[in-house]
Amino acid sequence: MAANDDKTLTNSAFVIARTFKVPRDRVWEAWSEADQLKHWWGPKGCTIEIPHFEFRLGGFFHFAMKFADTPPMWGRFNYREIVAPERLVWLNSFSNEKCGIARAPFSELCPLEIKNAVTFAEHAGITTVTLRAEPFGEVAAERKYFDELCSSGSLEQGYGGSFEQLAELLAKS
């Protein structure tokens, strides 16, 4: 259902945008309700289990990404700004099963936290979602690693896959 796709790297931030042929309120629901997030957030091929979800300032979306025959990878959002249905900001990180921040299982250089800011803009029943991701509180080596993730296409693949799953969910609406 994605009608228009765009991604860029600007000022060491990763930016990706998708357009969906559904009203903004419907897209907002997909981002703000646990029973919808579990159907589209995360890499393709995993299932999401959500032991804790508080969609409020300072609240957490704590989740386990489960792939066949591997231990779960834990993650969390710490919500920093919620302006329904226009803007959402959170700090994203890997976590342990108790919702504490943890290093990425694939690299000690991956930033501990990534600040994600998403805007939702509607025109004539079509919603554009723009996500901007950048390291938060990083050291120089973590910034370099993040920039390499951007330039290698890894972030495009990860966020792009989630957005494709979001499009599939919204198409069922």
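Just so it is clear, the structure is predicted and the values come from calculations on it, not from any experiment. (Residues numbered from 1 in each chain as written. Predicted model: local features only at pLDDT ≥ 70, side-chain atom pairs only at ≥ 80, totals over all residues. Heavy atoms only, no water.)

### Regarding the pattern of salt bridges
Here the idea is simple: oppositely charged side chains can pair when their charged atoms come close.
1) Next: Counted by the stated rule, this structure contains 10 salt bridges.
2) Next: A salt bridge links Lys66 to Glu49; its shortest N-O distance comes to 2.7 Å. With a gap of 17 residues between them, Lys66 in strand β4 (residues 60-66) and Glu49 in strand β3 (residues 47-53) connect regions that are remote in the sequence.
3) Next: The class of Lys66 is partly exposed, set by a relative accessible area of 30%.
4) Next: Glu54 is the partner of Arg56 in a salt bridge, and the nearest nitrogen-oxygen pair spans 3.0 Å.
5) Next: We classify Arg56 as partly exposed; its relative accessible area is 44%.
6) Next: Given a relative accessible area of 23%, Glu54 falls into the partly exposed group. (Salt bridge = Lys/Arg side-chain N within 4 Å of Asp/Glu carboxyl O. Helix = DSSP H or I, 4+ residues; strand = E, 2+ residues; numbered from the N terminus. Buried < 20%, exposed > 50% of the residue type's maximum accessible area, 1.4 Å probe, protein only.)

### Some remarks on the environment of Ala104
1) Next: Within the secondary structure layout, Ala104 lies in the loop between β7 (101-102) and β8 (113-123).
2) Next: By relative accessible area, Ala104 is classed as buried at 6%.
3) Next: The spacing of Ala104 and Glu156 is 52 residues in sequence and 18 Å in space, taken between C-alpha atoms.

### A closer look at the packing of aromatic side chains
1) Next: The final tally for this structure, using the stated rule, is 22 aromatic pairs.
2) Next: Seen in terms of ring centroids, Phe63 and Phe77 are 5.9 Å apart; in terms of plane orientation they differ by 85°. Their pairing is edge-to-face. Remark: Phe77 occurs in strand β5 (residues 73-83) and Phe63 occurs in strand β4; sequence separation between them is 14 residues. Grouping residues by exposure puts Phe63 and Phe77 together as buried. (Phe/Tyr/Trp six-rings, centres within 6.5 Å; stacked < 30°, edge-to-face > 60°.)

### Here's the deal with helix α3 (residues 140-152)
1) Next: For α3, with 13 residues, the first-to-last C-alpha span of 18 Å sits near the 18 Å given by 1.5 Å per residue.
2) Next: Among the residues making up α3, those that are buried are Glu142, Arg143, Tyr145, Phe146, Leu149 and Cys150. For α3, the arc enclosing every buried residue in end-on projection is 160°, short of the 170-degree limit, so these residues lie on one face. Opposite the buried face of α3, by more than 90 degrees, sit the exposed residues Ala140, Lys144, Ser151 and Ser152. (Expected span 1.5 Å × (residues − 1). Arc of directions from axis to C-beta.)

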